[in-house]
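Structural features, examined
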Amino acid sequence: MNIKLNKKYLLSFILTFAVGITVSAFGQEEELKKQEQRAASIEKMQQRIAEIEKEMKEGEFKRTQALGEEAFGLIGQIDETYLQMKESYQQQVIQLNSRMRQVWEKIENSEGVTRESLDEKLQLLQSDWDRVYQRLTHTHDQHLDQLKDGIRKLRNDFSTAAGQAAQELETSHFESMARWEQTHEVFLNVNQTYAQIVGDTLVHLKKRLREEPGNRELADRLEKVKDRYFTVQRRLQQRYRSHLGHLDDELAIRMIQLEAAEEGKAKLQFEQLLEQLRDRKNETFKNLQVSYRETISASESVLTEMNSRLKTATGRAKENLEDQLAEFQAEIADTKSALQNSYSGQISFIKKQIEHLTNRLSGADEETKKLISTRMNDLRSTVETLTKNSDALKANADEKVRR
C-alpha cells in the first residue's frame, strides 16, 4: 500500500459523504457478515505474522529476508482490511447523519409532525448511533494498535529483511493513522449534532410544561428526555477525551517524522502538518468544553427546579428529593472539576506549542518569523481567555462554598 492509495481512499470518503448512501436492512445484514469475514481474515494474518517472527529468529539470512518480505505484505493487507471495515461503518454514519438532519429540519420547521413522534425517532437514532459508534471505535482502536505494532516491527525485527519496502510501509502507516483520526472527528460531530437535537427537545418540553403544569404525561416525558440528554452529553465527553488521546499518539508520530526529515521543504511540510494537528486538538478541547458547560447549565437548571419542589414536599417524597438533590450536586461538582482540568490541560498544551514555535524562530527567514510571531500572539490570546474562564469557574465554586 502507498500514499497514492491513501489519497484515493480519502477522496472516496469525501465524495461518499457528500452524496450519501442508502443501504437496505438486507444490505446491512450482508455487510455485517462481510465485517465478520474481514475480522477473521485479519486474525489469520496476525497469527501468520507471529509465526514469521518466531521463524525469523531461528532462520538463516536468506530465509529471514524472504520471511520479512512475506510479513511486510501481510501487514499491508491487514491495514487494507481495516480500512474496508471502517469504510463500511462510515457509510452507516452517513445514513445516521442524514436521518438526524431530517429530524432536525422537522423540529425547526414544525412540518405538521408532533414532538412526541420525533422524540421516539430520536430514541431509535440514539440506539443506532451507539451501536455503530461502538463497533467503529472498537475497530478503529484495533487498527491503531495494529499500526503502532507494525511500525515497531518495521523498526526492529523486520528492518533489515524488508529494507526499502519497510520505509514505504511505515510512511503509509503514518498517513493511515492521520487520515482516520480526521475521519473520527466527522463521527464526533455527528454525535454532537444528536446532543443538540436532544437539548432542543428538552427546552421545548420545559416550555410546554410551564404552559401545562398539571400535565403528568408531559412531566414523565420530560424526565426521560432529561435523563437521555445527560447520558448523551457524558458519552460525548468520554468520546472527546478518548479522541484527545488518539491525537497525542499522532502528535508523537509526527514529531518523529519531523526529527527524521531533512532540512528545507520536507521539514517545513512536517511543521505545517504538526500545526494543523495542534489546531485540531485545540478544536477538540473547545468542543469538549462546550459539552461540559452545556451539561453544567442544564444540571443547574434541574437543581433550581428541585429546590423549588423541595419547599412544598413532605414525608418520603421530601427524603427522595433530598437524595436526588445531593446526587445532582455531586455530579455538577464532578463536571465542573472535569471542565477545570480541561482548561488546565489545554493551557499546558498551548504553552508547549508556544515553546516549540519560539525554538523555530532562531533559524527562520524573515517571512516565516512574521508568520510564527502572529501565530504565537494568537495562541497567547487563547491562553488568556482560557485562564479567565478557569479563574471565573474557580471563583464561582469558591463563592458557593462560602455561602
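Residues numbered from 1 in each chain as written. Predicted model: local features only at pLDDT ≥ 70, side-chain atom pairs only at ≥ 80, totals over all residues. Heavy atoms only, no water.

Throughout the structure, instances matching the rule amount to three aromatic pairs. Look at Tyr 229 and Phe 230: their rings are 5.7 Å apart centre to centre, the planes differ by 65 degrees, and that puts the pair in the edge-to-face class. Each of the two residues, Tyr 229 as well as Phe 230, counts as buried. Among the aromatic side chains, those forming a connected cluster through ring pairs are Tyr 229, Phe 230 and Phe 328. Its guanidinium or amino end placed over the ring of Phe 349, Lys 281 lies 4.4 Å from that ring's centre, counting from NZ or CZ. (Phe/Tyr/Trp six-rings, centres within 6.5 Å; stacked < 30°, edge-to-face > 60°. Buried < 20%, exposed > 50% of the residue type's maximum accessible area, 1.4 Å probe, protein only. Lys NZ or Arg CZ within 6 Å of the ring centre and 35° of its normal.)

Right, let's talk about the confidence of the model for the protein chain for a bit. Summarising the model, the protein chain shows a mean pLDDT of 79, and 80% of its residues fall at 70 or more. The spread of mean pLDDT over the elements of the protein chain runs between helix 1 (residues 3-19), the lowest at 35, and helix 9 (residues 315-361), the highest at 91. Note on residues 1-26: pLDDT under 50 across the span, and 34 contacts to partners over four residues away in sequence or across chains. (pLDDT = per-residue confidence, 0-100. Helix = DSSP H or I, 4+ residues; strand = E, 2+ residues; numbered from the N terminus. Contact = heavy atoms within 4.5 Å.)

Moving on, we come to empty space enclosed by the protein. Summed over all chains, the structure comprises two cavities of 30 Å³ or more. The computed volume of the largest cavity comes to approximately 50 Å³. Contributing to the lining of the largest cavity are Gln 126, Trp 129, Asp 130, Asn 191, Tyr 194, Val 232, Arg 235 and Arg 239. At the level of secondary structure, the elements contributing two or more residues to the lining of the largest cavity comprise helix 4 (115-155), helix 6 (164-211) and helix 7 (216-260). In terms of residue class, the lining of the largest cavity is made up of three nonpolar, two polar and three charged. (1 Å grid on protein atoms, 1.4 Å probe; cavity = no way out; pocket = protein on both sides within 12 Å on 5 of 7 lines; lining within 4 Å. Points joined across faces, edges and corners; volume = space filled by probe spheres on them. Nonpolar A, V, L, I, M, F, W, Y, C, P; charged D, E, K, R; others polar.)

With that out of the way, let us pick up the nonpolar core. Formed by 67 residues in total, the largest nonpolar core has its most connected members in Met 100, Leu 125, Trp 129, Tyr 194, Phe 328 and Ile 350. Taken together, the elements giving at least two residues each to this core come down to helix 3 (61-109), helix 4, helix 6, helix 7, helix 8 (265-310), helix 9 and helix 10 (366-402). Residues contacting Leu 125, with those up to four places away along its chain left out, are Leu 96, Arg 99, Met 100, Val 103 and Tyr 194. (Core = buried A, V, L, I, M, F, W, Y, C linked by side-chain atoms within 4.5 Å.)

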